[in-house]
Amino acid sequence: MGRDLATSPGRAGGGLGGGWWMAASLVLLGALRGAGSEPTADAATPAGRAPAPAASDPAAPGDTAGQRTPEASTAPPGGAESADAGPTPAGAGPTPAGAGPTPADAGPTPAGAGPWRLARALDLPPWLHLTGGQRTRYEHLYNQFRAGAPGDDRALSLRTTVLLELRFDPVRVGVEVQDSRVYFVDDDTPVTTTEGNTFEVLQGYARLDLGHVLPWEGQGYLRAGRFTLDLCNRRLVARNRFRNTINSFTGVEGGWVTPAGWGVAGLAALPVQRRPTDRDDLVDNDVVLDREREQVIFSGLVLSSPPVTAARLAVEVYAFGLHERDGRDLPTANRRLLTPGVRVWRAPRRGDLDLELEAMLQVGRSRRGAGANDRRDLDHRAWALHAEAGYTFEVAGSPRLALELDAASGDRDPTDRRNGRFDPLFGARRFELGPTGLWGAIPRSNMIAPGGRVQLVPHADVQVMAVYRAFFLAERRDAWTAARVQDPSGRSGRFVGHQLEGAVRWDVVPGVVRLEAGVTALLRGRFAREAPGSNPGDPVHLHAQVELSF
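Residues numbered from 1 in each chain as written. Predicted model: local features only at pLDDT ≥ 70, side-chain atom pairs only at ≥ 80, totals over all residues. Heavy atoms only, no water.

Novice: Sorry, what's going on with the overall build of the protein chain here?
Specialist: A count of helical and extended segments in the protein chain gives five helices and 20 strands. The burial tally for the protein chain puts 56% of its 550 residues in the buried class. In the protein chain, 68% of the contacts between residues at least 6 apart in sequence involve partners at least 24 apart. Of the roughly 20800 Å² of accessible surface on the protein chain, a fraction of 63% belongs to carbon and sulfur atoms. (Helix = DSSP H or I, 4+ residues; strand = E, 2+ residues; numbered from the N terminus. Buried < 20%, exposed > 50% of the residue type's maximum accessible area, 1.4 Å probe, protein only. Contact = heavy atoms within 4.5 Å. Areas by Shrake-Rupley, 256 points an atom, 1.4 Å probe, with all protein chains shown as cover.)

Novice: When you look at the packing of aromatic side chains in this model, what are you seeing that I'm missing?
Specialist: Each aromatic ring pair is summarised here by two numbers: the centre-to-centre distance and the angle between the ring planes. Evaluation of the coordinates by the stated rule reveals 13 aromatic pairs. Between F472 and F495 the ring centres are 4.8 Å apart and the planes differ by 45°, which places this aromatic pair in the tilted class. In this pair, F472 is assigned in strand β17 (residues 462-472) and F495 in strand β18 (residues 495-509), connecting sequence segments 23 residues apart. The exposure class assigned to F495 is partly exposed, which follows from its relative accessible area of 22%. Taken together through their ring pairs, the aromatic side chains of F249, F298, Y318, F320 and F426 make up a single cluster. If you follow R137 out to its NZ or CZ, it ends over the ring of F242, 3.9 Å from the centre. Between R223 and the ring centre of Y205, over which it is positioned, the NZ or CZ distance is 5.1 Å. (Phe/Tyr/Trp six-rings, centres within 6.5 Å; stacked < 30°, edge-to-face > 60°. Lys NZ or Arg CZ within 6 Å of the ring centre and 35° of its normal.)

Novice: Would you explain unusual backbone geometry in this entry?
Specialist: Generally, phi is negative for residues other than glycine and the peptide bonds are trans, each holding for most cases. Omega for the bond connecting D169 with P170 falls within 30 degrees of zero, at 10°, which places this linkage in the cis form. Here P170 lies in the loop between β2 (153-168) and β3 (171-183). Along the chain, R275 connects to P276 via a cis peptide bond; the corresponding omega equals 0°. Position of P276 relative to the elements: it lies in the loop between β7 (263-273) and α3 (279-283). Even without being a glycine, F184 presents a positive backbone phi close to 60°. Tracing the chain through its elements places F184 in the loop between β3 and β4 (197-209). Backbone geometry at S398 places phi at a positive 45°, although glycine is not the residue there.

Novice: For this particular structure, what's the right way to read the pairing of strand β16 (residues 447-459)?
Specialist: It is a general feature of regular strands that their side chains alternate between the two faces of the sheet. Sheet analysis places strand β14 (residues 400-408) next to β16, joined by nine bridges and oriented antiparallel. Note on β16: the bridge partner recorded for L401 is V454. Direction of pairing for β16 relative to β17: antiparallel, over a ladder of eight bridges. In the strand pairing of β17, L456 is matched with V464. Hairpin connection from β16 to β17: two residues lie between these consecutive antiparallel strands. (Pairing = 2+ DSSP bridges.)

Novice: Explanation requested: the environment of W262 in the structure shown.
Specialist: For W262, the location among the structural elements is in the loop between β6 (249-257) and β7. For the pair formed by W262 and G218, sequence separation is 44 residues and the distance between their alpha carbons is 9.5 Å.

Novice: What's the story with the nonpolar core in this structure? I'm lost.
Specialist: Burial of nonpolar side chains together is a common tendency in soluble globular proteins. Judged by nonpolar contacts, the single largest core of 50 residues is most densely connected at F298, F320 and W480. Among the secondary structure elements, those contributing two or more residues to this core are β7, α3, β9 (296-304), β10 (313-324), β13 (378-392), β16 and α5 (526-530). Other than its neighbours up to four places away in sequence, F298 contacts V237, F249, L267, A268, A269, P271, F320, G321, L322, L425 and F426. Of all hydrophobic cores here, the second largest spans six residues; its members include W116, V513, L548 and F550. (Core = buried A, V, L, I, M, F, W, Y, C linked by side-chain atoms within 4.5 Å.)

Right, here's the structure in full:
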């Protein structure tokens, strides 16, 4: 491991990915050419206060879902990914379908306004909507923490998305293509479907604007087909932003929001199974179409309120159901889970205290694994929690300090007939628990992670973040699932280590070109040093990326 890029044995696969990257580079040249002649979204906005799209998620370095800057932070760049914004942590009011606008929801941009866009450069008619993005990221992981793969790992990840939508109110029809590839990995670098998904139809749907057809006051929509979405605060259902591949579903979803801000959302869908799953095929960037299976069904209902008290507190109540069973060439853990939860939050605001509290329960039946020999159904009883309190100072840079606690239950006794390990379903974690990709050291299962966060906007186009987390196992006999390390005896204790993270993001051409770099380290604690199968050394992860939006 740790060989030079020029001599790494990782296979490059077909030439399509390079073509996409070259196309995005041409877009960049056009953007730079047009950036001086068109006003950007940030041009007329005070430092650090550029407005984000309605119901969008103010962004942290490394994830357009994580910045908890007050009132509004630098808007995420446009394009198919960032247009699918999610709700604001600790903050924004309810959104249609609990999801925030998706690429399909982004309204038309007035001619000559906003950042450079390919659709305006091509002078497309208003009923034809075209948007997209390309991201290139390099990662290097020193001292791999996953069992069985000591040493260093590196990867070059490319992700391109293009959304084409026909808009004839009240109906829209859209198709989004995703091309996610990984290059220059070593022979023993872990590569899964979270890194690779080559040339795939990510979304293909028809959408009806219910505000045009229902007699009630309010806004809403109904969408059928294949789609991505964010629900609640993205901890259980999310359109992945930092990760190189994106969750999608096939079915029906929609929502409604009243003029007063009360919202309801729901979905019934089949999760899309990403393919290929074989590591060699993934490293070769082979094209194998994804598919849905009727053996796996996911559903949910979300109710949300506007701020309803003098303390500006808003409430969200939800329940998600997952039912799966083994099928031919589809081994599963036979999860039959109900996950209800409640979230209460107060939005960040300069010179004021913000807070967020979310509690999740999980009940049902499951198996310990998806292996063919694991046919023992267990009672599933689990929980997860997020608590946060922050304060934003009324000084230059709008610094925000926050204390955070994330916790999720583990399995107390791996030999009994109960499973107590929380299942995070289809959620994201980068915006709270550190980068994913080659990192992802803190999972939302069997963990207790108190910590603190500092965020700063020193310039209108620059955001800086520093985070500390102390990482403990909730149950010492259960696994550190991200590392596949476990001590069934419990004698290695429960303290995994101290996670330190720093990241900076610079919008070089606001809304068009964004650069980002970050470093994350885990200073190993007793469990990470002594548990059977642990690797030596303190892991350190570096990443740098450029993101283009068109």
